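# Understanding the architecture of this molecule
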Amino acid sequence: MRNKLAEVLSDKGIKDINVLKAIKKIPRHLFLDSGFEDHAYQDKAFPIGADQTISQPYTVAFQTELLRIKPNNKILEIGTGSGYQTAVLLNLKAKVYTIERQLELFKKTKLFFGKMGYRPKKIIFGDGYKGLPEEAPFDGIIVTAGAPEVPKALMSQLKVGGRLVIPVGIDEQVMTLFVRKSGKEFEKKELGSFRFVPLLEDKN
Ligand code: SAH
């Protein structure tokens, strides 16, 4: 079923062989709540509790491909959720720092990583809007929730040459790629519309 899913994603335009290999490898059914396992290898998003969803495999593959990960790249993920995207990043041999703001999901996914032997460098309960200044700069930053605006902190935590992949918008989001060209210059590309749960800012 995983091979089939990888084929579907390849037909939809995903080209990166290593991303497709990761999709073939990672047991997505284990990231879903019981009752949804049968649907795990359809190219669909599903509920994971706390009103959140595991992203559609195509979206995961599309965002990951845009990061152009090389082994040992330092990657910051905002929105750990089920951990599926995290597992894809780890499979590509990235050093992953991941932040989740829903306590329930944070606890559940942290335990799950332990059981599965997935080892992100850090799993943080907190507000991804602020990024992770103490570990910056990053080769790549991936935001897996819809951001009403691009958090400035994330832009500033990219290495020169680093890539930020972020869905921007409120009801619908435009997948946006920023590549840092120098201290002040960023190249911006818009790559189609998607739908995500909202990136929520903590008001304290
Ligand atoms: N990558 C996840 C996608 C989960 S949906 C997966 O593959 O399962 C997006 C996640 O972003 C949700 O879990 C939500 O709680 C989280 N989120 C929303 N706002 C956030 C914020 N400000 N900081 C960190 N996580 C946030």
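Look a little higher up for the structure.
Presented here is a report on the structure given in the accompanying data block. As the structure is a prediction and not an experimental result, all values here were calculated from the model. (Residues numbered from 1 in each chain as written. Predicted model: local features only at pLDDT ≥ 70, side-chain atom pairs only at ≥ 80, totals over all residues. Heavy atoms only, no water.)

The next subject is the site of the ligand. Around the ligand there are 25 residues in total, and Ser82, Glu100, Asp127, Gly128 and Leu200 lie nearest to it. In isolation the ligand offers 580 Å² of accessible surface; the protein chains occlude 99% of this area. Breaking the shell around the ligand down by element, the ones donating at least two residues are β2 (52–54), β3 (74–78) and β4 (95–100). For the shell around the ligand, the element with the highest residue contribution is β2, accounting for three residues. Split into classes, the residues belonging to the shell around the ligand amount to nine nonpolar, twelve polar and four charged. (Near = heavy atom within 4 Å. Areas by Shrake-Rupley, 256 points an atom, 1.4 Å probe, with all protein chains shown as cover. Helix = DSSP H or I, 4+ residues; strand = E, 2+ residues; numbered from the N terminus. Nonpolar A, V, L, I, M, F, W, Y, C, P; charged D, E, K, R; others polar.)

As summarised here, the arrangement of the seven strands in space is β5-β4-β3-β6-β7-β8-β9, forming an open sheet in which the pairing is mixed. What marks the edges here is a single partner per strand, and that holds for β5 (122–125) and β9 (186–194). Strand-to-strand twist in this sheet, taken as the mean axis angle between neighbours without regard to direction, amounts to 15 degrees. Two strands pair when backbone bridges link them, and strand β8 (residues 173–180) and β9 are joined in this way by seven bridges, in the antiparallel orientation. Directly across from Val174, in β9, lies its bridge partner Ser193. Across the sheet, helix α5 (residues 103–116) lies against β4 and β5, angled at about 160 degrees from β5, the strand it touches most. (Pairing = 2+ DSSP bridges. Axes fitted to C-alpha atoms, helices over the stretch in contact; angles between N-to-C directions. Contact = heavy atoms within 4.5 Å.)

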